[in-house]
Amino acid sequence: MRVGAPPKPEEQIHATTAKEVSRARLRVWLGVTSAVAGVVGCLGLANAGIEIKPLVLLAAAGLCAVIAASCSSRARGLARGMMLAALLALFGGLTATRVLHAHAAYLPTVMRAMTADEPRRAGVVISVEGVVLSTPRASPPPQGPLAQFLISMPATRTWVEMERVEIGGSWCEGRGRLLLVTQGLDAPRVTPGQRVRVLGVYAPPRERMSPGEPSRLRRAMHDGYAGVLETSSPELVERVADASGMGLLIAMRQAMRERARETLERATAGADAESRALARALLLGEDDDPASADIAQAFTRLGLSHVLSISGFHLTVMAMVTLYVLRLTGDRGWVAPALIALAVLVYTLIVPLEAPILRSALMVRARRATEATGRRYDRVWVLGRITLALIA
């Protein structure tokens, strides 16, 4: 283009599009900044001992959103400021609701109300009903340099999603995931998805391991972890009903995990025990096998312990390999992103559902869903929207 000559129409379109994309990126990442500020501010005020009322923050968020929606086109700056304030108050209120204020049915809260004691008190005998989440397995022996000096008794463990609890002959609602530990060599005869009734000794989550450490009870409450329930015999684990409703979905997911484990065992039948345990840790996220204890310690000493845990790296590699394989067969249009999203979904059903896996799975599926629409999109803008969803 000559100096002083008017720009061509296609150049004007490109410049306008670039400005719109930059503005969209700025808006979405300002929203992310406001959301993060709401979360961090809420936690900071709580650590300072200031009481936070979630309903007040949520009401303020709604009020700011209404003001932003009612602003005219001339007051765009005010509308955007109100939306940022709404996001700040909204995410602060959500954080206060989920992390700072215990749900009324959360088991440590119920224990405090019914026993008139702190929720960290251990040794209370309770009876709970809930749904089995995993297949009972033998507890791994103690590991580490001091393991030979520790007394370890054989036991099995499984996870139970509790629904109600009995304390002192009175039943009430109780929520949370319990780690069920059964002493002895015999495992309870239960399968995932079944409803069970268990009598045992309850130990709540530890609030602090050392003086000055931040409270772990908030993290446990956010994750839904309610503590440990220890029984002395598998006879104290009574099956109440077979899998139904949500229990059927839990049973199907566990069946998929068992099938994947059997397939991997057949594929690595000729390898030694350590190699098979390493394969299960890398592909299925099973890191409690005693055969991989020495390998895990070696990786930890080298600062590579994260390699043995399923994370976003595994999902990203799987998605890219699947994409390249599909591209070898030609251009499949929206079918390729849809198949990749389906593969990621199936894999997340097989491996343990932890935060890094959920984050990566959401990012991969959102990215592929955007590509499947066939429309032009900006990756930075999409990443901002995914970040907002993850923070929520």
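For the structure, see preceding data.
Being a predicted model, the structure only gives us computed values, none of them experimental.

Rules and cut-offs
Residues numbered from 1 in each chain as written. Predicted model: local features only at pLDDT ≥ 70, side-chain atom pairs only at ≥ 80, totals over all residues. Heavy atoms only, no water. Helix = DSSP H or I, 4+ residues; strand = E, 2+ residues; numbered from the N terminus. Buried < 20%, exposed > 50% of the residue type's maximum accessible area, 1.4 Å probe, protein only. Polar contact = N/O pair within 3.5 Å; in protein donor to acceptor, adjacent residues only side chain to side chain. Contact = heavy atoms within 4.5 Å. Pairing = 2+ DSSP bridges. Expected span 1.5 Å × (residues − 1).

### Digging into the side chain of Ser134
Then step 1. When you line up the elements, Ser134 lands in the loop between strand E1 (124-132) and strand E2 (137-138).
Then step 2. The exposure class assigned to Ser134 is buried, which follows from its relative accessible area of 16%.
Then step 3. In this structure the side chain of Ser134 is engaged in a polar contact, spanning 3.1 Å, whose partner is the backbone nitrogen of Trp159.
Then step 4. Setting aside residues up to four positions removed in sequence, Ser134 forms contacts with Thr158, Trp159, Pro192 and Gln254.

### Thoughts on the pairing of strand E4 (residues 170-183)
Regular strands place their side chains on alternate faces of the sheet.
Then step 1. With twelve bridges connecting them, strand E3 (residues 155-167) and E4 associate as antiparallel partners. Each residue of the ladder has a partner; that of Arg157, found in E4, is Val181.
Then step 2. A loop of two residues connects E3 with E4, the two strands running antiparallel in sequence, and Gly168 in this loop sits at a positive phi of about 65°.
Then step 3. Looking at chain direction, E4 and strand E6 (residues 225-231) are connected through six bridges and run parallel.

### Some words on helix H7 (residues 273-284)
Then step 1. Taking 1.5 Å of rise per residue, the twelve residues of H7 would be expected to cover 16 Å, and the 16 Å separating its terminal C-alpha atoms lies within 8% of that figure.
Then step 2. Looking at H7, one finds that the buried residues are Ala277, Ala279, Arg280, Ala281 and Leu284.
Then step 3. Where the residues of H7 are buried, they touch helix H6 (246-267) and helix H10 (335-350).

### As for the environment of Glu265
Then step 1. Examined against the element boundaries, Glu265 turns out to sit in helix H6.
Then step 2. Considered as a pair, Glu265 and Arg276 are eleven residues apart in the sequence and their alpha carbons are 7.2 Å apart.
Then step 3. Each residue touching Glu265, except ones within four places of it in the same chain, is listed here: Arg276 and Arg280.

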